[in-house]
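A structural walkthrough
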Amino acid sequence: TEQETAQFVQSADTLKRQKLVSSLAADPATAENLAETWTHLLIGRSNARKVDQDSLWSFLREQFGDNRPWMETVGRLISAEGRSDRQGETNFLLAHLNDQATPATAVTARLFLGRQVHCTQCHDHPFEKWTQDQYYQTAAFFAQLGLDNDPASQGRTIGGSAVEGAKPLFEVVKDRSTGEVTHERTGQVTPPKF
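This report concerns the structure included in the present document. All of these numbers come straight from a predicted model, not from anything done at the bench.

Definitions and cut-offs
Numbering of residues starts from 1 in every chain and runs along the sequence as written. With pLDDT at 70 or above as the cut-off, local features in this predicted model cover only qualifying residues; side-chain atom pairs require 80 or more to be listed or tallied, and sums for whole chains, interfaces and linings still use all residues. Water and hydrogen atoms play no part in the side-chain values, which are based on all heavy atoms of the structure. The set of buried Ala, Val, Leu, Ile, Met, Phe, Trp, Tyr and Cys residues whose side-chain atoms join them within 4.5 Å is what this entry labels a nonpolar core. Relative accessibility under 20% of the residue-type maximum defines a buried residue, over 50% an exposed one, and the middle range a partly exposed one, all with a 1.4 Å probe and only protein chains included. A run of H or I in DSSP counts as a helix once it spans at least four residues, and a run of E counts as a strand once it spans at least two, with each numbered from the N terminus. Any two residues having at least one pair of non-hydrogen atoms within 4.5 Å are treated as being in contact. What makes a salt bridge here is a side-chain nitrogen of Lys or Arg within 4 Å of a carboxyl oxygen of Asp or Glu, nothing more. The pairing criterion is simple: DSSP has to find at least two bridges between the two strands. Think of it this way: a Phe, Tyr or Trp ring, Trp meaning its six-membered ring, pairs with another when their centres are within 6.5 Å, and the plane angle makes it stacked under 30 degrees, edge-to-face over 60, tilted otherwise. Only when the NZ of Lys or the CZ of Arg is both within 6 Å of the ring centre and within 35 degrees of the ring normal is a charge said to sit over the ring. Take the residue count of a helix, subtract one, and multiply by 1.5 Å to get its expected span. Note that the arc is defined by the directions from the helix axis to the C-beta atoms. Geometry is summarised by axes, namely lines fitted to C-alpha atoms with helices restricted to the contacting stretch, and by angles between N-to-C directions that run from 0 to 180 degrees. In this scheme, roughly parallel covers angles under 35 degrees and roughly antiparallel covers those over 145, while 65 to 115 is roughly perpendicular and the rest are oblique. Helix crossings fall into two classes, left-handed where the near helix is turned counterclockwise from the far one by less than a right angle and right-handed where it is turned clockwise. In the scheme used here, Gly and all other residues not listed as nonpolar or charged are polar, with Ala, Val, Leu, Ile, Met, Phe, Trp, Tyr, Cys and Pro taken as nonpolar and Asp, Glu, Lys and Arg as charged.

A word on the nonpolar core. Side chains that are nonpolar tend, in soluble globular proteins, to be buried together. Ranked by internal contacts, the top residues of the largest apolar core, which has 25 residues, are Leu-42, Leu-60, Phe-92, Leu-93 and Phe-112. Contributions of two or more residues to this core are made by helix H3 (28-43), helix H4 (53-65), helix H5 (70-78), helix H6 (90-96) and helix H7 (102-113). No other element matches H3, which puts five residues into this core. Phe-112 has contacts with Trp-38, Leu-42, Trp-70, Val-74, Leu-77, Ile-78 and Phe-92, leaving out every residue within four places of it along the chain. Membership of the second largest hydrophobic core comes to ten residues, among which are Tyr-135, Ala-140, Ala-143 and Val-181.

This paragraph deals with the pattern of salt bridges. Where side chains of opposite charge bring their charged atoms close, a pairing between them can arise. This model, assessed by the stated rule, comprises eight salt bridges. Between Asp-13 and Lys-19 there is a salt bridge, and its shortest N-O distance comes to 2.5 Å. Between Asp-85 and Arg-83 there is a salt bridge whose closest N-O contact spans 2.6 Å. By relative accessible area, which is 7% here, Arg-83 ends up buried.

Looking now at the sheet that holds strand S5 (residues 171-175). Here three strands make up an open sheet; going across it, the order is S1-S5-S2 and the pairing antiparallel. At either end of the open sheet lies a strand with only one pairing partner, and these are strand S1 (82-83) and strand S2 (145-149). Strand direction decides the pairing type here: S1 and S5, joined by two bridges, are antiparallel. Considered in S5, the bridge of Arg-83 is made with Val-172.

Scanning the entire structure with this criterion turns up seven aromatic pairs. Ring centres 4.8 Å apart and planes at 55 degrees place the aromatic pair Trp-38 and Trp-70 in the tilted group. Pair noted here: Trp-38 is in helix H3 and Trp-70 is in helix H5, with a separation of 32 residues, a long-range link. Residue class for Trp-38 comes out buried when judged on its relative accessible area of 17%. Taking relative accessible area as the criterion, Trp-70 reaches 33% and is therefore assigned partly exposed. Both rings, one in Phe-64 and one in Trp-70, keep their centres 6.0 Å apart while their planes meet at 15 degrees; by these two values the pair is stacked. Through a chain of ring-to-ring contacts, three or more aromatic side chains come together here, namely Trp-38, Phe-64, Trp-70, Phe-92 and Phe-112. The cationic tip of Lys-16 hangs over the ring face of Phe-8; the distance from NZ or CZ to the ring centre is 4.8 Å.

Here we take up H4. In this model, H4 (13 residues) spans 18 Å end to end at C-alpha, consistent with the 18 Å of a helix rising 1.5 Å per residue. Here H4 has its buried residues at Ser-55, Leu-56, Phe-59, Leu-60, Gln-63 and Phe-64. The buried residues of H4 occupy an angular sector of 165 degrees when the element is viewed end-on, so they sit on one face. Buried residues along H4 sit in contact with H3, H5 and H6.

Let's shift gears to the packing of H3 against H4. Where H3 contacts H4, the axes come no closer than 8 Å and their chain directions differ by 135 degrees. On the basis of their axis angle, the class for H3 and H4 is oblique. Helix-helix and strand crossings are classified by hand; for H3 and H4 the assignment is right-handed. Of the residues in H4, those touching H3 at Pro-28, Ala-31, Glu-32, Leu-34, Ala-35, Glu-36, Trp-38, Thr-39, Leu-42 and Ile-43 are Gln-53, Leu-56, Trp-57, Leu-60, Arg-61, Phe-64 and Gly-65. Tallied by class, residues from the contact of H3 with H4 come to eleven nonpolar, three polar and three charged.

At Gln-154, a residue that is not glycine, the phi angle is positive and equals roughly 50 degrees. With respect to the helices and strands, the residue Gln-154 is situated in the loop between S2 and strand S3 (157-158). Exposure remark for Gln-154: the relative accessible area of 66% places this residue in the exposed category. Positive phi, close to 60 degrees, is recorded for Ser-177, a residue that is not glycine.

Structure below.
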């Protein structure tokens, strides 16, 4: 408010900035705003498979509200397993997984590493030290993720078109611990590597 702003400006308290930041961080509206912002960054307007934006928002709201470390939140997002409506963090992977695991690789690098690496799918990066080999080594981690039909679907499906067939109503993200990615230039299977 104007009154709060005036009090802040006129205050001689040397810790006023720290107190204000702590107050704002503790406000539930801050966690809700961060959850909204990151939901849009992580999945945008994706309607891929059965992405549940509300479930992802709830997961993020809880993470921000509990002041969980960002490394923990990101770790849960990129290693999520389960059903999208029950484990909100799985929605990030659902929105970006496909048969090649390449969208998840590019989005993860952009959002969490601050690097645009999508061009390294085809060639070494012209301005960065990222190589095409590194791209496929990272993509190999995402290739180990799979989607299983949840028995709760009971044969029900969603979507379907001439391009893409209908998907089960509920899918479960699973770590299969195996999976392959074929390097575009070499034609060889590329193992995962940090």
